[in-house]
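Here is what each chain is made of, one letter per residue.
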Amino acid sequence: MSHRECAGRVADGSLTPDVRDLPGGRLVAARDSAPECSLRRLCPRPAHGVAGLLLFAAAASVAHATRLPLRVYTPREGLPQSQVSVVLQDREGFLWVATRAGGIGRFDAHGWTAFDTSSGLPSAGVEALDMSPAGTIFAGTNGGPARRQGSSWIPLFPAGEGTQLPVTAILAVSDELVWIGTRAGLRAWRPGEEPGTPARTILSGSRVTCLARAGAGSVWVGTATGLFRLDPGQPWRAVPIAGLPPGDVRAVLDRPGRGLLVAVEGAGLFVGGPGSFSRVGDDARPGRVVRSLLAETDEPDAVWVGTDDRGAYRWAGDRWTRLSQQDGLPDASVAALYEDREGVLWIGTGNGLVKRGSAAFATFTSADGFPEGGRTYGMTESPDGDLWFAAYKDGVVRMRPDGTIRRYGPADGLPASPVNDIEADPAGGVWVATRLGLAHIDGDRVRRLKLPPGAPVAHRVLLAAPGGDLYIGTFHEGLVVVRGGGLRRVGRPVGSVVAALYRARDGTVWCGGEGWGAVGLRAGGEPIVLGAAERLPSGQVNGIFEDSRGTLWIATERGAWRKDASGEVSILDRSSGLPDSYVYWVAEGPDGAMWFGTNHGAARLDAQGRWDVFTSRDGLASDECNEDGVFIDSRGRLFIATEGVSMFLGSRQPTRSLPPPILLERVRIGDRTLERPAQLEVGPGQGPLAFVLAAPSFACESATRIRYRLTGLSESWSLSEPGQLEINFGGLGSGRYRFEALAVTGDGRVSDLPVTVAVRVPPRWYSSPAFIAIAVALGGLGVAMVVKVRERNLEARRVKLAAQVAARTEELRQANERLAELAIRDDLTGLPNRRAVLERLREAMSSARRHERDLAVAMIDVDGFKRINDVHGHEVGDVVLQRIGAAMRQGQRQEDTLGRYGGDEFLAVMPGCNESAAVHVAARLRQAVAAVEVPEANIGAGGSTLSISVGIAVFDATVADERELVRRADDLLYRAKTMRAHRSDNGDHLAG
């Protein structure tokens, strides 16, 4: 069945499976040098419970080596050093990561701050971290212990004494008592002790290996000679614990009511209590060298066990699940395990820090035989049950029901060009659309097909209809139908660029494209045209779908248009609950839930009207979906294509409903920086003003946004771009303002209290009340000196002087406000001026470089504008520029910045846009300009329609600064103008 003919079915969304409990065992790949990659299942175990059986049927029926959504942080991302020893979260929500040779890193979910010996640490080798009940962080280094104070670290012992005290473990009972484990025993520290005070050392001569809190104020002390309990008293008393084998005690986990867990090097993991311990697991699970232990908060019976050479294990009852390098860990040595307040698991390894996400989706990787990180445009299922994926630049991927993977490329006879779509052939095999023609794959046979003379070559989208008809949508030559060896072109109202094809249940073939909307083609009937009259929000159509209720859906760049069986029309967009208004596709689940693919994740709308948004933190390869990027096979499995193919496993584990923290890190006023100010005074004309915030929420850091406002300037709230934590304002006029900000996570959680900063901008000296008072006083003194001579005129002159001063004060105030506006606005079009749009570009480049996001700029030139000025005068030219600016402002995306660069040139800054998306935005701008009503007839270069030429440049690592990116766009604009000069038509032109 064609993938554009079925409504599709999805696995029950009520399941919340976790790959760590995946029934049937861990799935790994066995590959050799052959072109096929056979996937086999290892370590089989029976499924547990109904949920396990359902998951096995829904997900494990195709063996695959997909990975949990693990994110690895290394020095490339800002981690100070790759060997992680300890992970800790402080009260503000920041994550503190100690490394063995690089100091400590503080992570705020968006960037790292490093602390080393230059920050006051006695050594960059940090073996231990702990936080006191009051929130003070203590660090144990190879050069002695230290505590955090402000942005620095203060050694606990004087110079010379601390360097002889390499720390192996640290535990802060309070800010007044810290236990420090060393290679020569356990030492107590209390503040205020004078140098030379006798050291309080317990277990002298014993190497302390770990410290852990026990009940009733006691402390567990692991040493090279066994386990001790340190009981409070005067003095403290160390009680040896019997029942454990000899060896280094590497980790201790006290679980009240569930037994004490103790890891003994060379012997393994033991559970029990003093005098009675039994070994847990065996030499296979988790082995004899355990380095770290962690009890889960939401499931206290479940424990994570970090090993020296086998990765991490999860132990729940009698079940063991392993997380190893085959699952994405960068190293088999796990020294640290930590669960933060949102339930995110952090794993410190010998080669980086790992964040473990939920498992709503599993993504196929190169271990499965899939291209690594490649985009997929089109998926289908052939009549024999094979799944096929159009892997764009990497050819075609076939997955058989037994999990065998086969890839097809130029060596197999496939055209050496991007693969744009794939469609099942009812007679067997699949059709493949490329930019260099059509191919057919049946089994292992690849045939390049010759179409009838006059057929277009660059194919974009396919639809196989009953009776053998093959519909082919092209990039620039419209829609053609191949039937019985013949070729028929479909003309208007179908446009030249066809991006979507779909066959409804009544046989209507729907097609959509760029700039002309959607058209339904019926045998023997008039075409059904959908456009602005039918409230279609945009002529840019990306996908078409009919659900089981007979509702027709159109996916556009401005939301999802729907028309139900009764004829009622409505639109779903960002304001309705979608994460983004740019919709690529629509699909339906078996329970009536609708799925939408956007630029910021895949959204699910259930029958009760509840939204759920899935992103890379849920296992998707990327947040940005693709055209034709969804498929539901005959077994009800949902596949979504982003920068890879991901399979839906079931609704993700819920995030703990904690409000995300929001903190003000610093404020920049021009070149001046203030750390966490509660209030500001900004001089008149100083700026720009930048508030740098932190929102340490790690469940979905890339989707976190800031809701903010500056009362006194605007009472309405604004919302930043995902991941944007720096809020900028231009020069402010005199007055009092209040900045407020809240963090909003990707799953809808909002900070409970806003960050607030009072801002005062005093008036300029000549506008101050003091100056006015002095001027009035001086005037009065002068009048008093001549009062006897001209008493009658004194009152008139005083009143006149006061009126003049007041009028001048008001004029100056208005002038200041106009100057502030003129500094960033073009006075003709009302758009941002050149300086303002270049400043926005610098900010966008900084954000794109920091977060590895896409960014594009478009240089826009009005065609034939000189002729408008020459023929009709500059007054008409000014009106044309005003109307073009207004039209493009309406046509731009909400997150874009469009400004007047100079003359008839405009510059558009488009965050989050790759080349393809930028071309779509530019096409929308040119449509908006073409619709402008001009004040004179026949003013264009060749007619009455205004047109523009556009040069598009995409930001990458080779771009040095904003001038280089603008220069590239300008060069491409020149090429576009040159292309226009050599074409006979009068269409708009893009170059990129």
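Residues numbered from 1 in each chain as written. Predicted model: local features only at pLDDT ≥ 70, side-chain atom pairs only at ≥ 80, totals over all residues. Heavy atoms only, no water.

S.K.: For this particular structure, what's the right way to read helix α7 (residues 915-930)?
M.R.: Note: α-helices contain 3.6 residues per turn, so residues at a spacing of three or four share the same orientation. An ideal rise of 1.5 Å per residue puts 22 Å on 16 residues; α7 measures up with 22 Å between its terminal C-alpha atoms. Residues of α7 that are buried include every one of Ala917, Ala918, His920, Val921, Ala922, Ala923, Arg924, Leu925, Ala928 and Val929, and no others. At the N-terminal boundary of α7, the capping side chain belongs to Asn914, with an oxygen 3.2 Å from the backbone nitrogen of Ser916. (Helix = DSSP H or I, 4+ residues; strand = E, 2+ residues; numbered from the N terminus. Expected span 1.5 Å × (residues − 1). Buried < 20%, exposed > 50% of the residue type's maximum accessible area, 1.4 Å probe, protein only. Polar contact = N/O pair within 3.5 Å; in protein donor to acceptor, adjacent residues only side chain to side chain.)

S.K.: Is there a simple way to explain the sheet that holds strand β43 (residues 479-483) in this structure?
M.R.: Strands belonging to one sheet form pairs held by backbone hydrogen bonds; the direction of such a pair is parallel or antiparallel. One open sheet accounts for four strands, arranged β41-β42-β43-β44; its pairing is antiparallel. Both outer strands of the open sheet, β41 (459-464) and β44 (486-490), are each paired with one neighbouring strand and no more. Each strand of the sheet is rotated relative to its neighbour by a mean of 25°, with strand direction disregarded. In terms of strand pairing, β41 meets strand β42 (residues 470-474) through five bridges, oriented antiparallel. (Pairing = 2+ DSSP bridges. Axes fitted to C-alpha atoms, helices over the stretch in contact; angles between N-to-C directions.)

S.K.: Can you help me understand the side chain of Glu627 in this one?
M.R.: Within the secondary structure, Glu627 sits in the loop between β56 (611-614) and β57 (630-632). On the basis of relative accessible area, Glu627 is assigned to the buried category, the value being 13%. A polar side-chain atom of Glu627 sits 3.1 Å from a polar atom in the side chain of Arg460.

S.K.: Which parts of the structure should I look at to understand the confidence of the model for the protein chain?
M.R.: On average, residues of the protein chain score 84 in pLDDT, and 87% of them are at 70 or above. Considering each helix and strand of the protein chain separately, the mean pLDDT is smallest for strand β3 (residues 39-41), with a value of 25, and largest for strand β6 (residues 95-99), with 98. Counting contacts from residues 5-67, a segment whose pLDDT is below 50, to residues more than four positions away or on other chains yields 157 contacts. The model gives residues 984-989 a pLDDT under 50, and that stretch makes 15 contacts with residues more than four places away or in other chains. (pLDDT = per-residue confidence, 0-100. Contact = heavy atoms within 4.5 Å.)

S.K.: It is not clear to me how the sheet that holds strand β28 (residues 319-323) should be interpreted in this structure. Could you clarify?
M.R.: Reading across the sheet, the four strands line up as β25-β26-β27-β28 and stay open at both edges, with antiparallel pairing between neighbours. Of all the strands in the sheet, just β25 (290-295) and β28 have a single pairing partner and so form its edges. For this sheet the average axis-to-axis angle between neighbouring strands, irrespective of direction, equals 20°. Note that strand β27 (residues 312-316) and β28 share five bridges and pair antiparallel. Among the inter-strand pairings, Arg314 is bridged to a residue of β28, identified as Thr321.

S.K.: Quick question: what am I supposed to make of the packing of helix α6 (residues 874-891) against α7 here?
M.R.: When two helices pack together, their arrangement is given by the angle between their axes and by how far apart the axes lie. Interaxial distance between α6 and α7 falls to 8 Å at its minimum, and their mutual angle equals 140°. The angle between α6 and α7 falls in the class oblique. In the crossing of α6 with α7, the sense of the turn from one axis to the other is right-handed. Taking contact as the criterion, the partners of Ile884, Ala887, Met888 and Gly891 in α6 are, on α7, Arg924, Leu925, Ala928 and Val929. Tallied by class, residues from the contact of α6 with α7 come to six nonpolar, one polar and one charged. (Parallel < 35°, antiparallel > 145°, perpendicular 65-115°, else oblique. Left-handed = near helix turned anticlockwise from the far one by under 90°. Nonpolar A, V, L, I, M, F, W, Y, C, P; charged D, E, K, R; others polar.)

S.K.: Looking at this structure, how should I read the pattern of salt bridges?
M.R.: Where charged atoms from two side chains of opposite charge approach closely, those side chains can pair. Counted by the stated rule, this structure contains 49 salt bridges. Glu964 is paired through a salt bridge with Arg967; the nearest N and O atoms lie 2.7 Å apart. Taken together, the residues Glu964 and Arg967, both in helix α8 (residues 962-981) and three residues apart, mark about one turn of the helix. One salt bridge connects Asp971 with Arg967, and the closest N-O pair in it is separated by 2.7 Å. Of this pair, Asp971 and Arg967 are both found in helix α8, four residues apart, which corresponds to roughly one turn of the helix. For Arg967, a relative accessible area of 40% puts it in the partly exposed group. Here the salt bridges do not stand alone but share partners, grouping Asp386, Arg398, Arg406, Asp412 and Asp444 into one network. (Salt bridge = Lys/Arg side-chain N within 4 Å of Asp/Glu carboxyl O.)

S.K.: So what exactly am I meant to see when it comes to unusual backbone geometry here?
M.R.: What you tend to see is this: most non-glycine residues have negative phi, and most peptide bonds are trans. Following Arg285, the chain continues into Pro286 via a peptide bond in cis, with omega recorded as -10°. By the secondary structure assignment, Pro286 is in the loop between β24 (276-280) and β25. The linkage connecting Arg492 with the following residue, Pro493, adopts the cis geometry, with an omega of 15°. Among the secondary structure elements, Pro493 is positioned in the loop between β44 and β45 (498-503). The phi angle at Ala216 is positive, at roughly 60°, despite the residue not being glycine. Looking at the secondary structure, you find Ala216 in the loop between β17 (208-213) and β18 (219-223).

S.K.: Just checking my understanding: could you explain a nonpolar patch on the surface for this structure?
M.R.: Together, Ile774, Leu778, Leu781 and Met785 make up a nonpolar patch on the protein surface, roughly 470 Å² of accessible area in all. Locating Leu778 in the fold gives a position in helix α2 (residues 769-785). Taking the relative accessible area as the measure of exposure, Leu778 reaches 56% and is therefore exposed. (Patch = residues over 30% accessible without salt bridge, like charges linked within 9 Å, V, L, I, M, F, W, Y side chains within 5 Å. Areas by Shrake-Rupley, 256 points an atom, 1.4 Å probe, with all protein chains shown as cover.)

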